[in-house]
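# Structural overview for review
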Amino acid sequence: MLSFVILTACVADEREIYLVLMEGDPVAFHRGLMTTTEAGGKLDSHSEVSKAYAKKLVDSHDKILKSTLETGSYNKIYSFKHIVNGFAVHTSPSQVKKIKSAAGVKVVERDRGAKMMTSYTPHFLGLPEDVWTQEGGETNAGEGIVIGFVDTGINPFHPSFAYDPVNPFASNFSHFSGACEEGPRFPENSCNGKIISARFFSAGAQAVATLNASMDFLSPFDAVGHGSHVASTAAGNCGVPVVVNGCYYGQASGMAPSARIAVYKAIYPSIGTLADVVAAIDQATLEGVDILTLSVGPDEPPEDTITFLSVFDIFMLSANRAGVFVVQAAGNHGPSPYSVVSYSPWAVGVAACSTDRIYPASLILGNGLKVGGVGLSGPTFGDGLYKYKLVLAKDAVKADGSFPKTPPYTEECQYPEALDPLIVQGSVVICNFSEGFYNGTSSVTAIIDTAQVLGFMGFLLVANPAYGDFIAEPIPFPVPGIMIPRTSDSKIISEYYEENVRRDKRGEVTKYGGSAAICDGRIASYMGRAPIVNRFSSRGPDFIDHDRNPTDVLKPDILAPGHQIWAAWSPISVLEPILFGNNFGMLSGTSMATPHIAGVAALIKQNNPSWTPSMIASAMSTTARKCDNNGDPIVAEGSDLYSLYTATPFDFGAGLVNPSRALDPGLVFSSGYEDYINFLCSLPNTDPATIKTATGGSCNSPFSHPSDLNIPSITISALSGSRLVRRRVKNIANKTETYSCAVQEPKGVRVELNPSWFTIAPEGSQDLEIGLNVTQNIDDFDFGEIVLTGSLNHIVRIPLSIYPVST
């Protein structure tokens, strides 16, 4: 019993990282240092006065730790001082209780960890033909803008990040001041003018894990590939040839190919901590990035506070307050409702969709039947003209019984020692999607290894009726291969195989009579329906707490391509063995959608340097497309595999980003820091003291309802009776324009607009009142939109998401 008590005490007091926010202004918002900011300029955080104040904050952090905690019981990880005043500490739960009661401490939150939210898209979004032309061509698109990436680092040797001496950079980056931290695989000259800053943050990771020196490089180098993929999607050089396994797949380009890249590595192959991520956000804002790209972050809501007041969201609020456009992945937990991990209106949450490019692969059976599948591989020899012996892996298992009789050995082709090489060599082998694939212990990589060791002519990975259909993504295979993810197709193959095989009384094969050939699966087709919201993309509605109570903010905000995206990769590829040695990877995820929006934001910022983050977000939202390439409403993938349904704003936000229209939206909705504070103060069951403690802002003018925040959408999670919602638009065009208003009403709600039309001068503002009246109780949200149509061809769309609960 004594040993049990001792063990329990040790486990209960195991150290973790805690994020602590303190009273007192950070450097960027210190009232005594903000005279230049108030005059319309930017605070010089590198001045001697600012540095002295920053040191004072660090000293105060050290002092409170030293005076509160026992010597040797803690390790300070970071001091945050630029946009947030606080620190990260590695200590035990018993010690952190002392911190919570210490004078000056506002918020203490356990580090929840951070994860990755894991080409052709410039043409799909119309950039070369429209936006880049307006910006002066691809050599100028994004010029003068710095995009910051908090991610797994970058591969500085990749051609997507090369400096071109023929087209030297000409912009003045006096607003940005970074540095290049060298280290393993990242020499000092890695910052070449395209990459203009590169840092790494590892104190959190090193505090809670033993890092592996062979892959957890303490430098900005990307051993994973994710960070390189994200950076090149947003700002990679234009026209970089994509070659994988000797096949040319076209040319890749970032959305803003002339934007500069600032790298803040905070995620490692072994682990990611929130402490490292928020330290990177603090540094990126200090250095002056224009756009901040977060394809990483906490993958679950906070435990002890509302979603908007988590430490991560407070850091994003502070970055927005400093003028940084913050874009984050909506998450990969779809298609379930209430699955978004982007909550706050001051950061743009991005959902993922497909493009119209597909890679059709096919299998030809000996009887001439053609079966479709998935797989970026070359054909079997002869490109379909020659057929090869078709062998079911189960029928090629060695008879000596020297291995376990489990699916990975007997039918999943995971172990070459289990198969008879005399049977499978030169054959097309059928491997089954069985138990190991279902629970994640088996892999296509292992099939490829088996195929190469035993000399398969090719392989099939077919759906197993016992486990149903599966999802297959095209992955470059170095050997001919194809995945058949539908049981209906695998049944066709199975029936053909059994019709042509001869067995003895024991069921063992005496003659293989079936044959097959794998066709080239690397040739793209551009005939697909698009966009389609991807199944994995997290869905709204947005919610306020861990219990997922809905709140009056639309999430996700916007839709962008995030499915089968070619972009830069790291050949080390420590987490994706199948991509080892490749300079490019095709990935899917909201991680891939997020940098599309970051790059488009850079183009908008370049064209409109004075615009605030909320104005940029508004321009994208109000001009987004809600129809696909056939002119039909956008659809989304459902819970049942391969099912589709008509998408709603909880799937795609405002719609698919439309860069050319976003450059000239006509009207914008603008919100700033004080508006966000007033929004927080208007939330139900929130205490003004809690808001002030977390953000430093005072509840001087709370809104009547959270839905009064001036954003380009209206979401009401419980409309009872009637409500008057207010909005204000600003004309950012250079001509006077007259707008007429129209409404598509949600079911159960009558919508009245005042005024129903208005004329607005350049730089002028117009207040709008939207009266909402419940006409019928329904048992869920319903959707509509307000459309403002201008006389100069501007069209402004405002999504409505309303839950009418009582009349």
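Here the structure is a predicted model, which is why all the values come from computation and not from measurement.

## Observations regarding the overall build of the protein chain
Looking only at helices and strands, the protein chain features 21 helices and 38 strands. A compact globule built from 807 residues should have a C-alpha radius of gyration of about 28 Å, and the protein chain, at 28 Å, falls within 12% of that. A total of 807 residues make up the protein chain; the buried ones form 59% of that total. Each charge class in the protein chain was averaged separately, 57 positive and 79 negative side chains, and the resulting centres sit 1 Å apart.

## A closer look at the pattern of salt bridges
One pass over the structure, following the stated rule, counts 23 salt bridges. Note that Arg112 and Glu109 form a salt bridge whose closest N and O atoms lie 3.5 Å from each other. You'll find Arg112 and Glu109 in the same group, each marked buried. Across the salt bridge formed by Arg506 and Glu508, the nearest N and O atoms sit 3.3 Å from each other. Salt bridges linked by common partners bring Glu16, Arg110 and Glu303 together as one network.

## Focus on the state of the cysteines
Inspection of the entire model under this criterion finds 3 disulfides. Paired through a disulfide, Cys180 and Cys191 show a sulfur-sulfur distance of 2.3 Å. The chirality of the disulfide connecting Cys180 with Cys191 is right-handed, given an S-S dihedral of about 90°. A residue pair is termed long-range when its members are at least 10 positions apart, and Cys180 in the loop between β6 (146-151) and β7 (195-200) and Cys191 in the loop between β6 and β7 qualify at 11 residues. Note on cysteine connectivity: Cys413 is disulfide-linked to Cys431, with sulfurs 2.1 Å apart. Across the disulfide from Cys413 to Cys431, rotation about the S-S bond amounts to roughly -100°, and the bridge is consequently left-handed.

## Digging into the sheet that holds strand β37 (residues 782-790)
If you trace the 5 strands from one edge of the open sheet to the other, you get β31-β38-β37-β33-β35, paired in mixed fashion. Each of the sheet's edge strands pairs with one partner strand only, and the pair in question is β31 (714-720) and β35 (757-760). Put simply, the sheet's adjacent strands are angled 25° from each other on average, direction ignored. Inspection of the sheet shows strand β33 (residues 737-744) paired to β35 by 4 bridges, in the antiparallel sense. Residue Thr738 lies in a different strand from β35, and its bridge partner there is Thr759.

## A few points about the nonpolar core
One broad rule of soluble globular proteins: the nonpolar side chains tend to lie buried together. One finds Leu460, Ile597 and Met620 to be the most contacted residues of the largest nonpolar core, which totals 104 residues. The leading source of residues in this core is helix α16 (residues 590-607), at 9 residues. Residues within four places of Leu460 in sequence aside, it is in contact with Leu363, Leu390, Val428, Val429, Ile430, Cys431, Ile482, Ile493 and Ile518. Membership of the second largest hydrophobic core comes to 65 residues, among which are Ala262, Ala284, Tyr343 and Trp346.

## Examining the packing of aromatic side chains
Under the defined criterion, the tally for this structure stands at 22 aromatic pairs. Ring geometry for Trp346 and Tyr676: centres 5.6 Å apart, planes at 70°, overall edge-to-face. Taken together, the residues span a long stretch of sequence, with Trp346 in the loop between β13 (325-329) and β14 (348-353) and Tyr676 in helix α20 (residues 673-681) at a distance of 330 residues. Of the two residues examined, Trp346 and Tyr676, each falls in the buried class. A ring pair is formed by Phe650 and Phe781, whose centres lie 4.9 Å apart and whose planes are at 80°; its orientation type is edge-to-face. Taken as a pair, Phe650 in helix α18 (residues 649-652) and Phe781 in the loop between β36 (765-774) and β37 lie far apart in primary sequence, 131 residues in all. Exposure class is identical for Phe650 and Phe781. Each is buried.

## Overview of the environment of Ala252
Here Ala252 shows up in strand β9 (residues 247-252). Residues Ala252 and Pro156 lie 96 residues apart in sequence; the distance between their C-alpha atoms is 16 Å.

## Thoughts on the side chain of Ser490
Checked against the element boundaries, Ser490 lands in helix α15 (residues 487-500). At a separation of 2.9 Å, a polar atom in the side chain of Ser490 contacts the main-chain carbonyl oxygen of Thr487.

## Focus: helix α14 (residues 444-454)
Listed as buried for α14 are Val444, Ala446, Ile447, Ile448, Thr450, Ala451 and Leu454. Buried positions along α14 lie against α12 (421-424), β18 (428-432), α13 (435-439), β19 (458-462) and β20 (481-484). A positive backbone phi angle near 75° is found at Gly455, which sits one or two residues after α14.

## Observations regarding the sheet that holds strand β3 (residues 86-91)
Spatially, 4 strands are ordered β2-β3-β1-β4 in an open sheet, and the strand pairing comes out antiparallel. Edge positions in the sheet fall to β2 (74-80) and β4 (105-110), since each of these pairs with one other strand and no more. Across the sheet, the axes of successive neighbouring strands diverge by a mean angle of 20°, strand direction being ignored. Sheet analysis places β2 next to β3, joined by 6 bridges and oriented antiparallel. Note on β3: the bridge partner recorded for Asn75 is His90. Set on the sheet, helix α3 (residues 48-68) makes contact with β1 (16-22), β2, β3 and β4; between it and β2 the angle comes to about 155°. Strands in contact with helix α10 (residues 311-321) are β1, β2 and β4; relative to β1, the strand with the most contacts, it is inclined by about 45°.

## Observations regarding the pairing of β9
Relative to β9, strand β8 (residues 240-244) is paired through 4 bridges, and the arrangement is antiparallel. Within the sheet, the bridge partner assigned to Pro241 lies in β9 and is Gln251. Between β8 and β9, which pair antiparallel one after the other, the connecting turn spans 2 residues, and Asn245 there sits at a positive phi close to 50°.

## Here we look at unusual backbone geometry
Most peptide bonds take the trans form, and the phi angle of most residues other than glycine is negative. Omega for the bond connecting Ala530 with Pro531 falls within 30 degrees of zero, at -5°, which places this linkage in the cis form. Omega for the peptide link from Asn754 to Pro755 comes to 0°, which places this bond in the cis form. For Pro755, the position within the fold is in the loop between β34 (749-754) and β35. Phi at Cys413 is positive, roughly 60°, even though this residue is not glycine. Tracing the chain through its elements places Cys413 in the loop between α11 (407-410) and α12. Look at Arg548: it is not a glycine, yet its phi comes out positive at around 60°. Along the polypeptide, Arg548 turns up in the loop between β24 (532-533) and β25 (558-561). With a relative accessible area of 33%, Arg548 lands in the partly exposed category.

## Some words on the pairing of β19
Looking along a regular strand, one sees the side chains alternate between the two faces of the sheet. Of all 5 residues making up β19, 5 are buried, and the element is well covered by its neighbours. Strand direction decides the pairing type here: β18 and β19, joined by 5 bridges, are parallel. Paired with Cys431 across the strands is Leu461, a residue of β19. Pairing analysis gives 4 bridges linking β19 to β20, with the strands arranged parallel. Bridging across to β20, Leu460 finds its partner in Ile482.

## Here's the deal with the environment of Leu419
Within the secondary structure, Leu419 is located in the loop between α11 and α12. Separated by 100 residues in the primary sequence, Leu419 and Cys519 have C-alpha atoms spaced 25 Å apart. The residues contacting Leu419, other than those within four sequence positions of it, are Ala393, Ala396, Val397, Lys398, Tyr409, Val424, Thr450, Leu454 and Phe456.

Conventions we followed
Residues numbered from 1 in each chain as written. Predicted model: local features only at pLDDT ≥ 70, side-chain atom pairs only at ≥ 80, totals over all residues. Heavy atoms only, no water. Helix = DSSP H or I, 4+ residues; strand = E, 2+ residues; numbered from the N terminus. Rg over C-alpha atoms; globule rule 2.2 N^0.38 Å. Buried < 20%, exposed > 50% of the residue type's maximum accessible area, 1.4 Å probe, protein only. Lys, Arg positive; Asp, Glu negative; His and termini not counted. Charge placed at Lys NZ, Arg CZ, Asp CG, Glu CD. Salt bridge = Lys/Arg side-chain N within 4 Å of Asp/Glu carboxyl O. Disulfide = S-S within 2.5 Å. Pairing = 2+ DSSP bridges. Axes fitted to C-alpha atoms, helices over the stretch in contact; angles between N-to-C directions. Core = buried A, V, L, I, M, F, W, Y, C linked by side-chain atoms within 4.5 Å. Contact = heavy atoms within 4.5 Å. Phe/Tyr/Trp six-rings, centres within 6.5 Å; stacked < 30°, edge-to-face > 60°. Polar contact = N/O pair within 3.5 Å; in protein donor to acceptor, adjacent residues only side chain to side chain.

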